[in-house]
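Analysis of the macromolecular model
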Amino acid sequence: MVGARACVALALFCVLFSAANALYEKDSRVENLNTLNFNTFIKKPDSMNHVKLIEFYKNDAESKKFEKEYNQLADQLRGIIKITAVNCETQKKICDEYSVTTFPTLKVIPPGGFGTQDYSGERTSKAVYTWVLKFMQHFVEKVTSENLDEFVNKNAGKYKALLFTDKGKTPLMWRGLSVDFYNKMTLGVVQKEEKGVCSRYKVTKFPAILVVKPGQKKPIKYEEKFDHQEIFEFLNRYQETFAMEKPGADEELAAKKPWLSESVPELTSLSAADICYGTENVCVIIAATPTAEGKLDKATYDEIAQAKAKFNPGNGKYQFMWLNIEREKAFCAATDVSSGPTVMALRTGKRTRFAKSEAAFSADALSEFLQKIPVGDVQYKPLKDGPPTLEKIEPPEEKKK
């Protein structure tokens, strides 16, 4: 037992030391890998169809010279390719396992998670971008007037998503999303020249995204900006689980229940049952003081969104919400929250219990807390009376037709 604890302590020390000497800080889109998360990352079931790029580096001149280029690449391929890095000064075991002797070394793990391919070209974001995309596969189906009905009607219980585009090729972002939603939601692409399909769905402006399903009165239109994470959140609401449990979900439901379309919804008496209470998922709640408008402040929202993109890419393991500590006094009393932002995990399945992070709120603290949950390294406290009481609020008024 003592030996096991010593090993865990040593591993945690290595991770902390690695973070202190890493080239890629918390504001980078490059994910740092270490002995605690490397094998999980490589073999994570919901990422087996993704291309994974790993940079093995040291704090030497060549690695530092490439740092800006690699950060640029991570920005360009956000949500498309998994861009990661291993610090060989602190993660020697991993680097030895992959026979890395020169720095920086780039290796790609193709879809399937088996074997690696070494990069030998120029160390520029443009050159690596072109190379790594050669390994990418996608599952977007071309939809025309001839196969539209077949596309919509297959797997009738599931929603499908259509991208209407005036571009000659399927956009890279849409191809990446098809990988995210493989076996969960089928994505199709409709070219502007497909007049029959465009007129059927009354699409006149491009690009446009619609979620469709057999028997639907009218398609659900995506109205937000064309950003990978925003579109992912939108589609994720209509993927297989959601579609099967709530087949009547459409624009009217979205108007009645706006929290279903929000990336980080507020935990209230109205939204709790739909997202958090009574589910088997872990509800990650950030209790915070609201802005003057009663919203979550942007800085905290951005930290949560970053963690959500990293830890919850489509598998629904965590449900992220925020709590207004000025209004929800009873909830805060039940969970010992006295100030914010405070992070907690709430489970309301067979037994209601919560675990609270004692660290000051930050992106790193939130990340560390989320890493501990699946391995049982958080201390849950029981809530014998069930989910905490929330202040009763009135539902939003329906828009007049």
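Residues numbered from 1 in each chain as written. Predicted model: local features only at pLDDT ≥ 70, side-chain atom pairs only at ≥ 80, totals over all residues. Heavy atoms only, no water.

Overview of a negative patch on the surface
Here is the rule: Residues enter a patch when their relative accessible area is above 30% and they make no salt bridge; the linking distance is 9 Å between like charges and 5 Å between nonpolar side chains (Val, Leu, Ile, Met, Phe, Trp, Tyr). Accessible surface area values rest on a Shrake-Rupley calculation with a 1.4 Å probe, where residue burial reflects the displayed protein chains alone. Just to be clear on terms, a salt bridge is a Lys or Arg side-chain nitrogen sitting within 4 Å of an Asp or Glu carboxyl oxygen. By the counting scheme adopted, Arg and Lys are positive, Glu and Asp are negative, and His together with the chain ends is not counted. Charge coordinates come from a single atom per side chain, which is NZ of Lys, CZ of Arg, CG of Asp or CD of Glu. Strands here are runs of E lasting at least two residues and helices are runs of H or I lasting at least four, both read from the DSSP assignment and numbered beginning at the N terminus.
A cluster of acidic residues, Glu25, Asp27, Asp364 and Glu368, forms a negative patch at the surface. Relative to the helices and strands, Glu25 resides in the loop between helix H1 (2–21) and strand S1 (31–33).

A short note on the nonpolar core
Cut-off, in case you're wondering: What we call a nonpolar core is a set of buried Ala, Val, Leu, Ile, Met, Phe, Trp, Tyr and Cys residues that are connected through their side-chain atoms within 4.5 Å. For every residue, the accessible area obtained with a 1.4 Å probe (protein chains only) is divided by the maximum for its type, and the residue is called buried under 20%, exposed over 50%, and partly exposed between those limits.
One finds Leu53, Tyr70, Leu77, Ile81, Ile83 and Val132 to be the most contacted residues of the largest nonpolar core, which totals 24 residues. At 4 residues, helix H3 (residues 61–76) tops the list of elements feeding residues into this core.

Describing the sheet that holds strand S4 (residues 105–109)
To keep things clear, this is the line we draw: By this definition, two strands are paired if DSSP reports at least two bridges between them. Any two residues whose heavy atoms approach within 4.5 Å at even a single point are treated as in contact. In this analysis, axes come from line fits to C-alpha atoms, helices being fitted only over the stretch in contact, and the angle between any two N-to-C directions falls in the range 0 to 180 degrees.
Pairing within the open sheet is mixed, and its 5 strands lie in the order S1-S3-S2-S4-S5. Edge positions in the sheet fall to S1 and strand S5 (117–118), since each has one partner strand and no second. Pairing analysis gives 6 bridges linking strand S2 (residues 52–57) to strand S3 (residues 82–87), with the strands arranged parallel. Bridged to Tyr57 within S3 is Asn87. Sheet contacts for H3: S2, S3 and S4; angle to S2, the most-contacted strand, approximately 165°.

A closer look at the packing of aromatic side chains
Definition in use: Aromatic rings from Phe, Tyr and Trp, with only the six-membered ring used for Trp, were paired whenever their centres fell within 6.5 Å, and each pair was classed as stacked if the ring planes differed by under 30 degrees, edge-to-face if by over 60, and tilted otherwise. Counting as a charge over the ring demands two things of the Lys NZ or Arg CZ atom: a distance within 6 Å of the ring centre and an angle within 35 degrees of the ring normal.
Across all of its chains, the model carries 15 aromatic pairs by this definition. For the pair Trp131 and Phe135, a centre-to-centre distance of 5.1 Å together with 75° between the ring planes defines the contact as edge-to-face. Trp131 sits in the buried class, given a relative accessible area of 14%. One aromatic cluster in this structure is built from Tyr159, Tyr222, Phe226, Phe234 and Tyr238. Above the plane of the ring of Tyr159 lies Lys213, whose end atom (NZ or CZ) is 4.9 Å from the centre.

Re the confidence of the model for the protein
What counts, and what does not: pLDDT runs from 0 to 100 and stands for how confident the predictor is about each residue.
Per-residue pLDDT for the protein has a mean of 85; in total, 86% of the residues score no lower than 70. For the stretch residues 7–19, pLDDT sits under 50, and the model shows 11 contacts to residues farther than four places along the chain or on other chains. For residues 241–251, every residue scores under 50 in pLDDT, and the model assigns this stretch 20 contacts once sequence neighbours within four places are set aside.

Observations concerning the pairing of S2
Heads up, the condition is: Orient the strands so they point away from the viewer, and a crossover whose first-strand-to-second-strand path over the helix runs clockwise is right-handed.
Burial analysis of S2 places 6 of its 6 residues in the buried class, the great majority of the element. Here S2 shows two buried faces, one formed by Lys52, Ile54 and Phe56 and the other by Leu53, Glu55 and Tyr57. For the segment spanning S2, H3 and S3, crossover handedness is right-handed.

A closer look at unusual backbone geometry
Residue Pro207 follows Phe206 across a cis peptide bond; omega there is -5°. Of note, the amide linkage connecting Gly340 to Pro341 takes the cis form, showing an omega dihedral of 0°. Within the element layout of this structure, Pro341 appears in the loop between helix H14 (329–334) and strand S13 (342–348). A positive phi angle, near 55°, is found at Ser99, a position not held by glycine. Here Ser99 falls in the exposed class, since its relative accessible area comes to 60%. In this model, Asp336 sits at a positive phi of 60°, which is unusual for a non-glycine residue.

Overview of the packing of helix H7 (residues 172–180) against helix H9 (residues 228–236)
To keep things clear, this is the line we draw: To sort the angles, those under 35 degrees are grouped as roughly parallel, those over 145 as roughly antiparallel, those from 65 to 115 as roughly perpendicular, and the leftovers as oblique. Rotating anticlockwise by less than a right angle from the far helix to the near helix defines a left-handed crossing, while the corresponding clockwise rotation defines a right-handed one.
For the pair H7 and H9, the least separation of the axes is 11 Å and the interaxial angle reads 40°. Between H7 and H9, the angle falls in the class oblique. With respect to the hand of their crossing, H7 and H9 are arranged in right-handed fashion. Where H7 approaches H9, its residues Met173, Trp174, Leu177 and Asp180 are matched on the opposing element by His228, Ile231, Phe232 and Leu235.

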